[in-house]
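In case you want the letters, here they are:
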Amino acid sequence: MSRRNLLRGTALGAGAVALPALLTACGDGPGGNKNEVTVGSNASDAVPKEAFAQAFKAYEKESGKRVEVNTTEHNEFQQNITRYLQGSPDNVFMWFAGYRMQYFAEKGLLIEISDVWKGFQGFSKALKDQSTHDGEQYFVPYYYYPWAVFHRKSLFEKRGYEQAGNWDQFIALAKKMHKDGIPVAFCDKDGWPAMGTFDYIDLRLNGYDFHKSLMAGEEAWTDRKVKRVFDLWRELMPYYQKGALGRTWEEAGQGLQRRRTGMAVFGMPHPGSQFPESERDDIDFFPFPEIDPQYGRDAVEAPIDGFLIPKKSKNVEGAKDFMKWLGTAEAEDAYLKGDPNNVAVNEDADTSKYSPLQKKSAALVAEARQISQFLDRDTRPDFAQTVMIKALQDFIDDPEDVDGLCNRIERQKKDIFSASAS
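J.: Hey, could you go over the sheet that holds strand 1 (residues 36-41) for me, with residue numbers and the actual values?
T.: Read across the open sheet, the six strands follow the order 2-1-3-11-6-12; overall the sheet is mixed. The sheet terminates laterally at strand 2 (66-71) and strand 12 (343-344), the two strands that pair on one side only. Of the strand pairs in this sheet, strand 1 and strand 3 (residues 92-96) are connected by two bridges, and their pairing is parallel. Counted as the bridge partner of Val39 is Val92 from strand 3. The sheet strands contacting helix 2 (residues 46-63) are strand 1, strand 2, strand 3, strand 6 (139-144) and strand 11 (304-308), and the helix crosses strand 2 at an angle near 160°.

J.: Could you give an account of the packing of aromatic side chains, with specific residues and numbers?
T.: Considering all chains together, one arrives at 42 aromatic pairs under this definition. Note on Phe230 and Trp233: the rings are 6.4 Å apart at their centroids and 15° apart in plane angle, and the pair reads as stacked. With Phe230 and Trp233 both in helix 12 (residues 224-236) and three residues apart, this pair spans about one turn of that helix. Neither residue differs from the other here; Phe230 and Trp233 are each classed as buried. When the ring of Phe383 is compared with that of Phe417, the centres are 5.6 Å apart and the planes differ by 65°; the resulting orientation is edge-to-face. Taken together, the residues span a long stretch of sequence, with Phe383 in helix 19 (residues 381-397) and Phe417 in helix 20 (residues 402-421) at a distance of 34 residues. Here Phe383 and Phe417 have matching classes, each one buried.

J.: Please give an account of the packing of helix 2 against helix 15 (residues 316-326) that cites residues and values.
T.: Helix 15 packs onto helix 2 with a crossing angle of 115° between their chain directions and a minimal axis gap of 11 Å. Overall, the two elements helix 2 and helix 15 adopt an arrangement that is roughly perpendicular. Judged by the sense of rotation from one axis to the other, the crossing of helix 2 with helix 15 is right-handed. The residues of helix 15 that touch helix 2, namely those facing Ala55, Phe56, Ala58, Tyr59, Glu62 and Ser63, are Gly318, Asp321, Phe322, Trp325 and Leu326. Taken together, the residues that form the contact of helix 2 with helix 15 break down as seven nonpolar, two polar and two charged.

Basis of the calculations
- Residues numbered from 1 in each chain as written.
- Predicted model: local features only at pLDDT ≥ 70, side-chain atom pairs only at ≥ 80, totals over all residues.
- Heavy atoms only, no water.
- Pairing = 2+ DSSP bridges.
- Helix = DSSP H or I, 4+ residues; strand = E, 2+ residues; numbered from the N terminus.
- Contact = heavy atoms within 4.5 Å.
- Axes fitted to C-alpha atoms, helices over the stretch in contact; angles between N-to-C directions.
- Phe/Tyr/Trp six-rings, centres within 6.5 Å; stacked < 30°, edge-to-face > 60°.
- Buried < 20%, exposed > 50% of the residue type's maximum accessible area, 1.4 Å probe, protein only.
- Parallel < 35°, antiparallel > 145°, perpendicular 65-115°, else oblique.
- Left-handed = near helix turned anticlockwise from the far one by under 90°.
- Nonpolar A, V, L, I, M, F, W, Y, C, P; charged D, E, K, R; others polar.

This is the structure:
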């Protein structure tokens with residue numbers, strides 16, 4: 001069974017995080033051995049880490065080469081990615097499609113792999129576009145996962161909760177949960193989880209085109225349309241878990257698993273990786289609800305993860321051979337055997353063993369009219385990291401001063417985007 005629509009290795013222990021920095025200090029970088037491919041991994045969570053380990057073993061068996069994985073905690077990897085690429089990076093590293101890939105390609109920190117793409121089959125034009133900058137390919141997509149409103153089926157059945165189709169129903173559901181002593185799961189210690197809620201409210205209220213332009217720095221954050229996003233979001237605040245700024249996404253996922261919370265705006269792997277295998281069939285979701293009928297639920301956040309070759313790779317030939325394998329349906333099948341929380345991007349991948357949640361996720365994305373990648377992937381990394389993380393955390397801490405918040409974001413946005421244009 002194949003899918004015809006499009007649409008995070010082996011752990012090395014605590015010392016793995018410091019390996020690239022240690023090698024830099026010694027004057028050499030990882031990956032000088034031509035029969036070994038080193039991979040910079042952000043897959044620090046247990047489920048994807050083991051799934052990557054099994055997938056890479058499949059490549060080792062087929063190629064006779066060795067894959068050495070250097071794993072760094074996910075958020076730390078993201079926050080230090082520029083320093084990593086400018087230092088002594090691995091031969092290959094895990095990263096994201098779209099703007100996040102294009103930004104580093106534009107900075108000259110990646111090796112283009114258009115020659116590798118010539119041998120690919122099973123990727124849609126949309127996937128190729130997400131892997132392309134200035135007419136050249138740099139990225140091999142590996143899987144994607146949609147963001148939606150996740151919950152436990154059994155809790156909804158027990159409490160008589162119904163999935164919400166529009167914003168009024170969503171607020172009513174949150175109120176009912178709150179009355180039952182069950183808050184809506186919420187977290188932002190990591191700095192990025194709240195971005196998903198902002199994105200969806202903006203997409204539903206103002207549409208995909210406005211959201212895309214806002215992320216590109218072309219719209220003013222002081223626009224009434226943006227302020228309205230925060231005003232609507234504030235309606236949901238009374239029903240959230242308290243202490244969101246001190247809670248990680250893993251802890252929020254565990255709260256959902258333990259039935260301490262009723263629902264959460266999450267990406268598919270986030271609750272899935274916190275549920276034991278015996279309980280994963282109890283996970284369900286509904287699309288983020290409609291706000292303005294003219295935009296409906298047309299847009300879906302479906303981030304694409306995959307692999308790139310840094311410009312400073314010391315084994316480009318080996319890296320490209322590895323990338324050729326990563327772009328096959330076989331490689332995706334090897335990974336998804338160990339991680340049921342993502343969906344294959346190659347249309348020739350085997351979907352016959354997909355869980356009901358994977359099938360539902362694939363259908364959600366296939367039916368979408370527009371696909372967004374997520375706030376910190378759809379805009380400049382420096383803007384997302386230095387401005388939006390703090391801005392959203394400031395809003396969570398004090399949701400009343402929307403005017404002041406939007407003014408601050410706009411001033412910083414102008415500084416960052418105008419500097420890049422000059």
